[in-house]
Amino acid sequence: MESSAAADVFAALGQESRLDLLRTLLEAGPSGLSAGAIGTALGIVPSTLSFHLRALEQVGLIRPTRQGRSLIYAVQVDRLRQTIAFLTETCCGGQPELCGALTLPMLASSPENSPMTPAFNVLFLCTRNSARSLMAEAILRKLGGDRFRAYSAGSDPAPQPMPEVVEKLETLGHDVSGIRSKSWQEFMHREAPRMDFVIALCDTLQGQNCPDFGDQAITASWPLPGPGKFEPGSSERVLLLNELYANLHRRIGIFTNLKFEALDRMSLRHQLDDLAQAPLSVAKDR
């Protein structure tokens, strides 16, 4: 980080409300918060809040992601790491490893302009890990070949996958021998594969706090409705499962055909965000 960029970051943080805003978003974690939730938490009126959000976004400390009709703001932890690295790079005569815990936030960050090359580990998340994320995992395994390794998990996993999901995947030629519902905690321990992409599929973020998979992972949200809202065997559930599969197949097909060698990390984030806008005509609650 250049001195001028560091100065811009510190200038943006040189105001109490913006410090509180950043700390609030850090507490929320990678899932982030909507502007309305931030304003409620801090007691800031919308016009003032927009000014502070814009100031932090301009220096790269936060980034908004569109989820449905809302903008969700989350801290760009890598930017914080760069700022702390700037402060500590001359520590102990240019040997920051001698400074102990002071330099820990500097570890394992990836430049935004660095290209990514396959093979990639991709984790799909949803609450129950019983339908949407399992479909996505199976589709990517079939479409991704040797360039991708697909995984899925949930925050509150179901005892087992939806039988209709397993049946549909098997009918469409997917290998379902390893399909199971599981917690995302399986991917948080030291021996777990390090994720390159983490894609959340829930259609609501209420009560959902996605874990931090590190700065290596590019995160995205493709909000899709859950078939659990409909009765097993109902025509509504069957219709929704069909449309979910078609939508996921289309998005993942586009994803696997991106020119990764020509895209930096920031560009990939934008590409994944764009895929979230793919239309889905689904059954409504009745």
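These numbers were taken from a predicted model, which means no experiment stands behind them.

Let us now look at the overall build of the protein chain. Along the backbone of the protein chain there are 10 helices and 7 strands. When each of the 286 residues of the protein chain is scored for burial, the buried share is 47%. For the protein chain, contacts bridging at least 24 residues in sequence account for 70% of all contacts bridging at least 6. Surface exposure of the protein chain reaches about 14,400 Å², of which carbon and sulfur atoms provide 52%.

Axis separation between helix α7 (residues 132–143) and helix α9 (residues 235–256) bottoms out at 9 Å; the angle between their running directions is 45°. Judged on the interaxial angle alone, α9 and α7 are oblique. In this structure, α7 crosses over α9, and the sense of that crossing is right-handed. Of the residues in α9, those in contact with R132, M135, A136, I139, L140 and L143 of α7 are L241, L244, Y245, L248, H249, I252, G253 and T256. When its residues are assigned to classes, the contact of α7 with α9 shows 10 nonpolar, 3 polar and 1 charged.

Looking now at the pattern of salt bridges. In this structure the tally under the stated criterion is 6 salt bridges. Taking the shortest distance from any N to any O, the salt bridge between E137 and R141 comes out at 2.9 Å. Remark: R141 and E137 occur in helix α7; sequence separation between them is 4 residues, near one turn of the helix. Classification of E137 by relative accessible area gives buried; the value is 3%.

Now for the side chain of S152. For S152, the location among the structural elements is in strand β5 (residues 148–153). Looking at S152, its side chain comes within polar contact range of the side chain of N129, at 3.0 Å. A polar contact of 2.6 Å, which involves the side chain of S152, links it to the side chain of E137. If we skip the residues at most four places from it in the chain, S152 touches L123, F124, N129, S133, L134, E137, K182 and F187.

On the basis of which strands lie adjacent, the open sheet formed by 4 strands has the order β5-β4-β6-β7 and parallel pairing. Edge positions in the sheet fall to β5 and β7 (218–221), since each has one partner strand and no second. Each strand axis lies, on average, 20° off the axis of its neighbour in the sheet, ignoring direction. Bridge count between strand β4 (residues 120–125) and strand β6 (residues 197–200): 4 bridges; the pairing is parallel. The partner of F124 across the bridge, within β6, is I199. Running at roughly 170° to β5, α7 makes contact with β4 and β5 of the sheet. Lying on the sheet, helix α10 (residues 265–275) is in contact with β6 and β7; it crosses β7 at an angle near 15°.

Definitions and limits used
- Residues numbered from 1 in each chain as written.
- Predicted model: local features only at pLDDT ≥ 70, side-chain atom pairs only at ≥ 80, totals over all residues.
- Heavy atoms only, no water.
- Helix = DSSP H or I, 4+ residues; strand = E, 2+ residues; numbered from the N terminus.
- Buried < 20%, exposed > 50% of the residue type's maximum accessible area, 1.4 Å probe, protein only.
- Contact = heavy atoms within 4.5 Å.
- Areas by Shrake-Rupley, 256 points an atom, 1.4 Å probe, with all protein chains shown as cover.
- Axes fitted to C-alpha atoms, helices over the stretch in contact; angles between N-to-C directions.
- Parallel < 35°, antiparallel > 145°, perpendicular 65-115°, else oblique.
- Left-handed = near helix turned anticlockwise from the far one by under 90°.
- Nonpolar A, V, L, I, M, F, W, Y, C, P; charged D, E, K, R; others polar.
- Salt bridge = Lys/Arg side-chain N within 4 Å of Asp/Glu carboxyl O.
- Polar contact = N/O pair within 3.5 Å; in protein donor to acceptor, adjacent residues only side chain to side chain.
- Pairing = 2+ DSSP bridges.

What is shown is where atoms sit, not what they do.
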